[in-house]
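# Overview (structure and organization)
What follows is the residue order along each chain.
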Amino acid sequence: MTIGRALRCALCAALAPGLASAQSVISPETFLDAVLGKTVQFHEIRSGDLVGTEQFLNRKTSVWRVEGGGCVYGQITTPNGQICFLYDDDTDGIPVCWWPFEYQGRLMVRLAELSNGEIQEVRSMTNHSLNCPSAPIS
C-alpha cells in the first residue's frame, strides 16, 4: 500500500460521521477540471458559514478572497493525491493541502491534516470574476 493510499484510507476513517460511507475521493486533476475558469464559494460543512471565495485562473494559479478582505494569489500543486495552495501572504512557506472528494453529488474538500477534520463544501460556482488585480508574474 502506498503512502497516498494509506492516507486516503485514514481520510475515509476520519471524515465526519455519516460522510465516510457515501463519499468518493477524487483526484486533484478531476477537482481542477470541475473548477477551472470558475469562481467558487467554499462553506464550512458543519456551520454552513462562508469560508471564502476562490477564482481558479488556470491549473497552477488561483486567487482567494475572504469575505470583506483583499485578494491573495496562490500557486496550486497536486502532490500525493492532494490539492495544495501556497498563497503570496504565507510567511511560513508551507502550502495548505486538501483531499478533494464528492459526497451525494456535492464537491467537497477535507483539510489534509490528520489532526484537523475541517471539511468545506462548494456551494456556488460561477463564471464571475473576483475583480482582483492581475495575477503576479511568476
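Before going into details, it helps to say that this report is about the structure given with it. By convention here, each chain's residues receive numbers from 1 onward along its written sequence. Given that this is a predicted model, residues contribute local features only at a pLDDT of at least 70 and side-chain atom pairs are listed and counted only at 80 or more, while totals for whole chains, interfaces and linings are drawn from all residues. Just so you know, side-chain values use all the structure's heavy atoms and leave hydrogens and water out.

Every helix listed is a DSSP run of H or I at least four residues long, and every strand listed is a run of E at least two residues long, numbered separately from the N terminus. Secondary structure summary: the chain contains 2 helices and 9 strands in total. Taking all 138 residues of the chain together, the buried fraction comes to 38%. Contacts between residues were defined by any pair of non-hydrogen atoms, one from each residue, lying within 4.5 Å. For the chain, long-range pairs separated by at least 24 residues make up 44% of all intrachain contacts whose partners lie at least 6 apart in sequence. All accessibility values rest on the Shrake-Rupley procedure with a 1.4 Å probe; residue burial counts only the protein chains present in the view. For the chain, the exposed surface amounts to about 7400 Å²; the carbon and sulfur share of it is 52%. Any residue under 20% of the maximum accessible area for its type is buried, any over 50% is exposed, and the rest in between are partly exposed; the area is computed with a 1.4 Å probe on protein chains only.

Our focus in this paragraph is the layout of surface pockets. The distinction between a cavity and a pocket rests on a 1 Å grid over the protein atoms alone: a 1.4 Å probe fits inside a cavity but cannot get out, while a pocket stays open yet meets protein on both sides within 12 Å along at least five of seven lines, and a residue with an atom within 4 Å of a point counts as lining. Grid points are joined across faces, edges and corners, and a volume is the space filled by probe spheres set on the points. Roughly 200 Å³ of volume is contained in the largest pocket. Considering the residues around the largest pocket, the lining is formed by 13 residues, among which Glu 54, Trp 64, Tyr 87, Trp 98 and Gln 120 are closest to the centre. Among the secondary structure elements, those contributing two or more residues to the lining of the largest pocket are β3 (50-56), β6 (83-87) and β7 (96-103). Sort the elements by how many residues they give to the lining of the largest pocket and β6 lands first, with 3 residues.

What follows is about the nonpolar core. Residues belong to one nonpolar core when they are buried, are Ala, Val, Leu, Ile, Met, Phe, Trp, Tyr or Cys, and are joined through side-chain atoms within 4.5 Å. Core analysis: the biggest nonpolar cluster contains 18 residues, and Phe 31, Val 35, Phe 42, Phe 56, Ile 83 and Phe 85 have the highest contact counts within it. Among the secondary structure elements, those contributing two or more residues to this core are α2 (28-35), β2 (39-44), β5 (71-77), β6 and β8 (106-111). When near neighbours in sequence (up to four residues on either side) are disregarded, Phe 42 contacts Phe 31, Asp 49, Leu 50, Val 51, Gly 52, Glu 54, Phe 56, Trp 64, Val 109, Gln 120, Glu 121 and Val 122.

The next subject is the pattern of salt bridges. Any carboxyl oxygen of Asp or Glu within 4 Å of a side-chain nitrogen of Lys or Arg constitutes a salt bridge here. The tally for this structure, following the rule as stated, stands at 3 salt bridges. Glu 121 is the salt-bridge partner of Arg 106, the closest N and O atoms lying 2.8 Å from each other. Here the residue Arg 106 occupies a position in strand β8, and Glu 121 occupies one in strand β9 (residues 119-126), the gap between them amounting to 15 residues. Of the residues examined, Arg 106 reaches a relative accessible area of 30% and is grouped as partly exposed. Glu 121 sits in the buried class, given a relative accessible area of 8%. Ionic pairing is found between Glu 121 and Arg 123, a salt bridge with its closest N-O pair at 3.0 Å. A single network of salt bridges, built from pairs that share partners, joins Arg 106, Glu 121 and Arg 123.

This part covers unusual backbone geometry. For residues besides glycine, phi is generally negative; the peptide bonds are generally trans as well. Residues other than glycine seldom take positive phi values, yet Asn 80 does so here, at roughly 50°. Structurally, Asn 80 is set in the loop between β5 and β6. Notably, Gln 104 is not glycine yet its phi reads approximately 50°, a positive angle.

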